[in-house]
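Residues per chain are reported as follows:
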Amino acid sequence: MTSILRNVREPLRPGAMFCCCSFRKICTQEQIRTGNQKKRSRKCIAVAGALLTGGCLYVTYEALSLRIGLTVHTNAVDSEKLKSYVYVYREPALPLARSGLTDLLKWHLQRLAHRLHEASAWLLQRPVEEVLVPTSHRELNLSPWILLKRCMSGEATQRQKAILELSAIHNWDAAQYRSVAQACDPATTIILARCKDVDRRFFLPPPRQQRDTRLDESLQAVLLNLPTGDVDPCVSRLTSLVLSDSSQTRTRSEAAHWTFVGEILPGQRPSTPVSEDQVESICVKVILQHSKLPRRCEQLVHLGVLDLLLRLIEQDGVGPQLQHNALRVVGNLAMQPHLHSTIVQSGWVRVLVERLQSGRVIDEALAARALANMDRETVREHYPDGVYLLHPQQITTLNTTGDVLFVHGLLGAAFKTWRLRDPEASVHLSGGKYRDVSQCWPKSWLGEDCPENRVLSVEYDTRLSDWFLECPADSCKRSLAYRSREMLAKLQVAGVGEKPIVWVTHSLGAEIAELRRDSAMLQELHKRFTELVRRHGIKVLSFGETQPTTLGMLRTLIVSTESADPGVGEFETVPVDHLNVCKPEGRHSPIYQRTLELICTSLAPQQATPSGGPDQL
């Protein structure tokens, strides 16, 4: 081989040629094996490097995310100067120990699926929401911003559908709920609040306010800034009495002439000072009267009534009647569309959702009325003070075919009259109070047995005089004619009369009893009623009591069988007293079953015809 290298020009012999070729062949095979090993080594190094780099990036990303999540901003003073608020949720986040290993793994899988979903959208150069996803949003737990974008844009039907999907989410962490709550526009927030079983964390709590003054003094300051020249004379009189002495030496005798609750009769003048709670109660009742006037609502909001009412209901020991009056004020303010954003920003939506889910009938009805008045996308009607929506109280996809309207009698109310029967009912009509009950059968039963109908309950003034003799200007309001016209105007605003109606009423009690059987007024009313029934073929079902009612130490039959029978339609007697004739014992009670049968047959979809409009009420 050496000779070949020394003299390359010399011709090679055949043997040398063979030796050279063999040597080169052996060298080539060894080089190939060495090259393959190097390639495999480079591939392993590349894979390991990629994994190591990706792992480092992932750990760095998670560390930065954790750092950002745990960062506490210290610019609270600057935020207060800019009139912005830092919302701190009272309810803690769910600990991992409670969620369990299964839920934790599910959360990580959902997070991984969401990241793959975003990556596919980036690769396809298409919006995230347009990429086909095989599972639902509830199972995939997509980003809040994707659902929020669908809720705040698009056609009304699709928008409402997206809001319903959003309301069904209950497994987000607190930060996700807070992000949606801060980003929602008022209209979306209101519709979301009317969804069934919505999570309360979707709504911002009321911001913390400085409370430098006492609540009763702040309420008096509101009344002091309200004009009284163009309001009801009785309201002006009570306002002047409340503000006549703002010191703590104010005595009860100043309010003894004129009271809402009837605790003190005219002429009684004890020297006991008026308590702070009594001042708050009277002030809220005056504010309630002002809130019924549209021209006063904006002024009340400007004077800070929303914040003051929040302070009131957050106090310990506040009675239910005072809380109900506060909710009534908010419901009246909600009838003004230009105030909806202010009500949402004040934090009242969160409070209304809590009351709507409280399980207390009156609180639920008052909250449902306020939210329905603010919902201008799914609700066309307004509900004035005294008209309460019992069903449906949440947003629904069903179209109502008719209205079922409940009207109570003397000393009754929109809720207590229609509770379940009290087996030991012994209520004094002269001023006794009904015990607190939690059920209202029109709301509980009719909402399930005939969900396609709207159920309303009306409350009106049934006392002979709430203002007593110290307010003679109110004498005209004691007549049945005035109260009937007032009720009719409210029902027209609520849209009653546009669809078929079923009236469910209880006796007018003592007011009817004062009318003699040969009274010209009673005869005229009965004549017009029977003519109306026969002319329009109206179905009538009446129940009459057969047992005497306890009135203190006296037991008497308030409405006789002859007076209870209107002479038209069907009439049945039941072995109960006057107070329990409208209170069935249970769902299988003949009173309820016969009433339900009349409602279903009268408001059946195939028989539903317009009632002639509101003017024919």
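Draft legend 1. Representation of the overall build of the chain within the structure. Counting secondary structure elements, the chain contains 25 helices and eight strands. The buried share of the chain, taken over its 617 residues, is 40%. Contacts in the chain between residues at least 24 apart in sequence constitute 75% of all its contacts with a sequence separation of at least 6. For the chain, the exposed surface amounts to about 35,100 Å²; the carbon and sulfur share of it is 56%.

Draft legend 2. The arrangement of the packing of helix α10 (residues 215-224) against helix α12 (residues 276-291) in detail. Two elements in contact, α10 and α12, have axes separated by 9 Å at closest approach and are oriented at 30 degrees. Regarding the angle of α10 to α12, the classification is roughly parallel. Note on packing geometry: the crossing formed by α10 with α12 is left-handed. Every residue of α12 that contacts α10 at L215, D216, L219, Q220, V222 and L223 is listed here: E276, V279, E280, C283, V284, V286 and I287. Here the residues of the contact of α10 with α12 sort into nine nonpolar, one polar and three charged.

Draft legend 3. A look at the packing of aromatic side chains. Counted under the stated rule, the structure contains ten aromatic pairs. Ring centres of W441 and Y592 lie 5.7 Å apart, and the angle between their planes is 85 degrees; this geometry places the pair in the edge-to-face category. Separated by 151 residues along the polypeptide, W441 in helix α19 (residues 441-444) and Y592 in helix α25 (residues 590-602) bring together distant segments of the chain. Here W441 and Y592 have matching classes, each one buried. Three or more aromatic residues joined by ring pairs make a cluster, and in this case those are F406, W418, W441, W445 and Y592.

Draft legend 4. Inspection of a positive patch on the surface at higher detail. A grouping of K38, K39, R42 and K43 is seen on the molecular surface, where their side chains present a positively charged patch. If you trace the backbone, R42 turns up in helix α2 (residues 14-70). Classification of R42 by relative accessible area gives exposed; the value is 52%.

Draft legend 5. Highlighting the side chain of D385. Relative to the elements of secondary structure, D385 occurs in the loop between α18 (361-374) and β1 (387-391). A polar contact of 2.6 Å, which involves the side chain of D385, links it to the side chain of R328. Apart from residues no more than four positions distant in its own chain, D385 is found in contact with K292, R328, N332, R369 and K490.

Draft legend 6. Summary view of the nonpolar core. If you look at the biggest cluster of nonpolar residues, it comprises 91 residues, and the most contacted ones within it are L166, F202, L309, W348 and L446. When residues in this core are grouped by element, the largest group, eight residues, is from α18. Discounting chain neighbours no more than four positions away, the residues touching F202 are L166, S167, I169, W172, Y177, V180, A181 and L192. In terms of nonpolar packing, the next biggest core, distinct from the first, is built from 15 residues, V379, L389, L405 and A494 among them.

Here is what the cut-offs are and how they apply
Residues numbered from 1 in each chain as written. Predicted model: local features only at pLDDT ≥ 70, side-chain atom pairs only at ≥ 80, totals over all residues. Heavy atoms only, no water. Helix = DSSP H or I, 4+ residues; strand = E, 2+ residues; numbered from the N terminus. Buried < 20%, exposed > 50% of the residue type's maximum accessible area, 1.4 Å probe, protein only. Contact = heavy atoms within 4.5 Å. Areas by Shrake-Rupley, 256 points an atom, 1.4 Å probe, with all protein chains shown as cover. Axes fitted to C-alpha atoms, helices over the stretch in contact; angles between N-to-C directions. Parallel < 35°, antiparallel > 145°, perpendicular 65-115°, else oblique. Left-handed = near helix turned anticlockwise from the far one by under 90°. Nonpolar A, V, L, I, M, F, W, Y, C, P; charged D, E, K, R; others polar. Phe/Tyr/Trp six-rings, centres within 6.5 Å; stacked < 30°, edge-to-face > 60°. Patch = residues over 30% accessible without salt bridge, like charges linked within 9 Å, V, L, I, M, F, W, Y side chains within 5 Å. Salt bridge = Lys/Arg side-chain N within 4 Å of Asp/Glu carboxyl O. Lys, Arg positive; Asp, Glu negative; His and termini not counted. Charge placed at Lys NZ, Arg CZ, Asp CG, Glu CD. Polar contact = N/O pair within 3.5 Å; in protein donor to acceptor, adjacent residues only side chain to side chain. Core = buried A, V, L, I, M, F, W, Y, C linked by side-chain atoms within 4.5 Å.

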